[in-house]
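# Observations on the three-dimensional arrangement
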Amino acid sequence: MQHYHLKNRPNREITADTEIKEILQQGKFTVISTCRENEPYIVTLSYGFDAERNCIYLHSAPQGLKLDFFKSNSRVCATIIEDGGYVADECGHNYKTVVFWGDVCIVTELEEKKHGMKILLNHLENNTEVIQEKLLKSEDYYSRMAVLRIDITQIHAKAGR
């Protein structure tokens with residue numbers, strides 16, 4: 001994928017891996033687009049970023065439209081936005097954003113499901129008691145949910161203002 005979205009404003013491109021990872025670590029939700037048989041679908045989900053594995057973990061009900069799409073076509077494109085707000089009277093907006101492409105994998109192995117949920121909860125929660133309560137539930141708890149992993153294959157980032 002080319003840098004076409006940065007073609008007119010190359011000065012806005014963020015190239016430092018540390019800054020890109022910071023945006024991924026600060027965000028709370030991602031907007032994911034997918035397609036099957038020429039039918040587009042977009043969904044917004046909370047996530048956890050695993051910096052060591054360069055992937056995003058998500059969770060979901062074990063069945064539904066998004067899973068049908070992911071099973072049909074595992075390639076996705078997604079964005080995470082750090083919104084600094086619109087600047088009134090300046091016609092400007094403060095933001096940082098990443099756009100990434102990757103492949104969705106529906107995690108089936110119990111240990112990786114636990115790992116993915118730990119990444120997700122540590123990303124979203126500040127209260128360690130809540131995290132432990134969720135993670136210490138029975139193995140049956142994990143069988144009633146889908147844990148998804150997006151392996152990031154390409155990423156671009158930019159900032160505005």
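Our subject is the structure listed above.
What counts and what doesn't
Residues numbered from 1 in each chain as written. Predicted model: local features only at pLDDT ≥ 70, side-chain atom pairs only at ≥ 80, totals over all residues. Heavy atoms only, no water. Helix = DSSP H or I, 4+ residues; strand = E, 2+ residues; numbered from the N terminus. Contact = heavy atoms within 4.5 Å. Areas by Shrake-Rupley, 256 points an atom, 1.4 Å probe, with all protein chains shown as cover. Pairing = 2+ DSSP bridges. Buried < 20%, exposed > 50% of the residue type's maximum accessible area, 1.4 Å probe, protein only. Arc of directions from axis to C-beta. Core = buried A, V, L, I, M, F, W, Y, C linked by side-chain atoms within 4.5 Å. Salt bridge = Lys/Arg side-chain N within 4 Å of Asp/Glu carboxyl O.

### Observations regarding the overall build of the protein chain
Assigned secondary structure in the protein chain consists of five helices and eight strands. Moving toward the C terminus, one meets the helices and strands of the protein chain in the order β-α-β-β-β-β-α-β-β-α-α-α-β. Principal-axis analysis of the C-alpha atoms gives the protein chain an extent of 55 × 40 × 30 Å. A separation of at least 24 residues holds for 71% of the contacts in the protein chain among residues at least 6 apart in sequence. When the accessible surface of the protein chain is summed, it comes to about 9400 Å², and 47% of that surface belongs to carbon and sulfur atoms.

### A few points about the pairing of strand E8 (residues 146-160)
Here strand E1 (residues 13-14) runs beside E8; their pairing, made up of two bridges, is antiparallel. The residue of E8 that forms the bridge with Glu-13 is Lys-158. By the bridge criterion, six bridges tie strand E5 (residues 55-60) to E8 in an arrangement that is antiparallel. Each bridged residue has a counterpart across the sheet, and for Ser-60 the counterpart in E8 is Ala-146. Sheet analysis places strand E7 (residues 92-107) next to E8, joined by 13 bridges and oriented antiparallel. Note on E8: the bridge partner recorded for Gly-102 is Ile-152.

### Let's talk about helix H1 (residues 17-26)
Since the α-helix packs 3.6 residues into each turn, any two residues three or four apart lie on the same face. Among the residues of H1, Ile-20, Ile-23 and Leu-24 are the ones counted as buried. Down the axis of H1, the buried side of the element spans an arc of 100 degrees, and every buried residue falls inside it. The exposed set on the far side of H1, more than 90 degrees from its buried face, consists of Thr-18 and Gln-26.

### Here's the deal with the nonpolar core
Membership of the largest hydrophobic core comes to 24 residues, with the highest contact counts inside it found for Ile-32, Ile-56, Leu-58, Ile-80, Val-98, Phe-100 and Ile-150. Going through the elements one at a time, H1, strand E3 (39-46), E5, helix H2 (65-72), strand E6 (75-87), E7 and E8 are the ones with two or more residues in this core. Looking at which element gives the most residues to this core, the answer is E8, with five residues. The residues touching Ile-56, leaving out its near neighbours within four places in the chain, are Leu-24, Tyr-47, Gly-48, Phe-49, Ile-80, Phe-100, Leu-148, Arg-149, Ile-150 and Ile-152.

### Points about H2
Taken together, the buried positions of H2 are Lys-66, Leu-67, Phe-69 and Phe-70. The arc that holds every buried residue of H2, seen down its axis, measures 160 degrees, which confines them to one face. Residues of H2 that are buried sit in contact with strand E2 (29-36), E3, E5, E6, E7 and E8.

### Points about the pattern of salt bridges
Using the criterion set out here, one finds 10 salt bridges in the structure. Note that Arg-36 and Glu-39 form a salt bridge whose closest N and O atoms lie 3.5 Å from each other. Between Arg-149 and Glu-112 there is a salt bridge; the shortest N-O distance is 2.5 Å. Here Glu-112 lies in helix H3 (residues 110-124) and Arg-149 lies in strand E8, a separation of 37 residues in the sequence.

### Remarks on the environment of Lys-96
Position of Lys-96 among the secondary structure elements: in strand E7. Residue class for Lys-96 comes out partly exposed when judged on its relative accessible area of 21%. Sequence separation between Lys-96 and Ala-78 is 18 residues, and the spatial gap between their C-alpha atoms is 14 Å. Dropping the residues within four chain positions of it, Lys-96 is found in contact with Ile-14, Glu-19, Ile-23, Ile-80, Ile-81, Glu-82, Lys-158 and Ala-159.

### Side note on the environment of Ile-81
By secondary structure assignment, the location of Ile-81 is in strand E6. Given a relative accessible area of 47%, Ile-81 falls into the partly exposed group. Those residues in contact with Ile-81 that sit more than four places away from it in its chain are Lys-96 and Thr-97.

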